[in-house]
Amino acid sequence: MDHRRRRFLRWVGGGLLVMLLVFFRSAVKGHRLYLKQQQKPLRLPLDLSEGLSFHGKVIVVRDGDEYHVFSARCAHLGCIVDRTDKDTLVCPCHGSRYSLNGRLLQGPATHDLVPLRFRIDSKENSLVIEQPA
Ligand code: FES
């Protein structure tokens, strides 16, 4: 009887170990894929319309040949700022307001929207923006 019990426990333990390994492997794989997607730069055409435009987690302000690029992630709790009201950017969650260059005008956020690094790829006629995390 004791022999059967030991064999059963070994079988169950082995099964659990295999399940843990499979789970761990898929979690690592998923995390790598997530990081890869996060690191992929955003490419936008250089001929964006003048002024402000929203691109998911990124806000671009074009003024002729000048571009100002910053994260759309609100500095309060991270909602995506995706609207304007009377020439101010407004967070839909708790109402923080920012100027069109990302400066904080009204809380509850406590600091400006984060400027993002970007470069102009003249060969591809595009703006290459590092995606925020
Ligand atoms: S997350 Fe934007 S104001 Fe709270």
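Residues numbered from 1 in each chain as written. Predicted model: local features only at pLDDT ≥ 70, side-chain atom pairs only at ≥ 80, totals over all residues. Heavy atoms only, no water.

1. Focus on the pairing of strand β9 (residues 118-121)
Then, in step 1: The pairing of β9 with strand β10 (residues 126-129) spans four bridges and is antiparallel. Bridge pairing in β10 places I120 opposite L127.
Then, in step 2: The turn joining β9 and β10, which pair antiparallel and follow one another in sequence, is formed by four residues; a positive phi near 55° is taken by N125. (Pairing = 2+ DSSP bridges. Helix = DSSP H or I, 4+ residues; strand = E, 2+ residues; numbered from the N terminus.)

2. Observations regarding the sheet that holds strand β3 (residues 58-63)
Within a sheet, adjacent strands bond to each other through the backbone by hydrogen bonds, running parallel or antiparallel.
Then, in step 1: Across the sheet, which stays open at both edges, the three strands sit in the order β2-β3-β4 with antiparallel pairing between neighbours. Two strands bound the open sheet, and with one partner strand each, they are β2 (51-55) and β4 (66-71). Averaged over all adjacent pairs, the angle separating strand axes in this sheet is 20°, with direction ignored.
Then, in step 2: Two strands pair when backbone bridges link them, and β2 and β3 are joined in this way by five bridges, in the antiparallel orientation. Looking at the pairing, H55 lines up with V58 of β3. (Axes fitted to C-alpha atoms, helices over the stretch in contact; angles between N-to-C directions.)

3. As for the domain arrangement of the protein chain
Then, in step 1: Partitioning the protein chain into domains gives domain 1 (1-40) and domain 2 (44-129).
Then, in step 2: Measuring from the centre of the C-alpha atoms in domain 1 to the corresponding centre in domain 2 gives 42 Å. (Domains from an automatic or database assignment.)

4. Describing the sheet that holds strand β7 (residues 97-98)
Then, in step 1: Here we have four strands laid out as an open sheet, ordered β5-β6-β7-β8, and antiparallel in their pairing. What marks the edges here is a single partner per strand, and that holds for β5 (83-85) and β8 (104-106).
Then, in step 2: Bridging between β5 and strand β6 (residues 88-90) involves three bridges; their strand directions are antiparallel. Residue R83 lies in a different strand from β6, and its bridge partner there is V90.

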